[in-house]
Each structure stands twice: as C-alpha cells, then as structure tokens.
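So the chains spell out like this:
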Amino acid sequence: MAKLSLINREKKRQALVRKFAEKRKKLMSIIHDSGLAEEERYEARLALQLLPRNSSPTRLRSRCELTGRPRGTYKLFGLGRSKLREIAFKGEIPGVTKASW
C-alpha cells in the first residue's frame, strides 16, 4: 500500500484541477484564438502562469483505488494490476475472464 501522504497529495491535486478547470479552459481558448490581439493573448498567458502549478491536469497521477499504487494501473477499472487480477479471478468484474488459447 502506498504512503497515505502520497494518496492525500493526489486527492488535493484532483480537487485543484476541478476547481481551476473552467478558468484554465477559458484562458487556453483566449491563448489559441489567433483572431485576438497579441496583447490580449499575452495577458492570458501571464494569467495562466499565475494559476497554481498543481491545478494542471498533467500533474495528476493515476493510482489504484484500493491500494494507492501509482504504477501498473488500468484506467478502465481504476485498479492496479495485482488487485485487478485478484478481483477478476474471484469473478467480481463482469465480463472479465482468464485468457486461454
């Protein structure tokens, strides 16, 4: 299991991303609008830089919902590879079966 502090840090980042998503989206649309004056676009870039660093969605790390493991996480299930294997073998995930050929 991952350290609780790392899991809590990730939850804090997720909250910041949700909080600033609308503002970030608006600023990005201004930055990418080539019809606007260069001065306006420049001011939007400066405003974007003033947002908290952890409000960027690229700083999020996908973690297992059960253990908090950062690597080997399947996005579709939200679980780490080891927990996904355990739960799938128990038959608790519908439609997932052990491969055999």
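Refer to the structure printed above.
Here's what I pulled together on the structure shown here.

Here we look at a negative patch on the surface
Move 1: A surface patch of negative charge is lined by Asp33, Glu39, Glu40 and Glu43.
Move 2: Inspection of the secondary structure puts Glu39 in helix α2 (residues 38-50).
Move 3: Given the relative accessible area of 51%, Glu39 is considered exposed.

Considering the pattern of salt bridges
Move 1: All told, the structure shown has four salt bridges when counted by the stated rule.
Move 2: With a closest N to O distance of 3.6 Å, Arg41 and Glu38 form a salt bridge. Highlighted residues: Arg41 and Glu38, both in helix α2, separated by three residues, approximately one helical turn.
Move 3: What makes Arg41 buried here is its relative accessible area of 17%.
Move 4: Among the charged side chains, a network of salt bridges with common partners joins Glu38, Arg41 and Arg45.

Rules behind the numbers
Residues numbered from 1 in each chain as written. Predicted model: local features only at pLDDT ≥ 70, side-chain atom pairs only at ≥ 80, totals over all residues. Heavy atoms only, no water. Patch = residues over 30% accessible without salt bridge, like charges linked within 9 Å, V, L, I, M, F, W, Y side chains within 5 Å. Areas by Shrake-Rupley, 256 points an atom, 1.4 Å probe, with all protein chains shown as cover. Salt bridge = Lys/Arg side-chain N within 4 Å of Asp/Glu carboxyl O. Lys, Arg positive; Asp, Glu negative; His and termini not counted. Charge placed at Lys NZ, Arg CZ, Asp CG, Glu CD. Helix = DSSP H or I, 4+ residues; strand = E, 2+ residues; numbered from the N terminus. Buried < 20%, exposed > 50% of the residue type's maximum accessible area, 1.4 Å probe, protein only.

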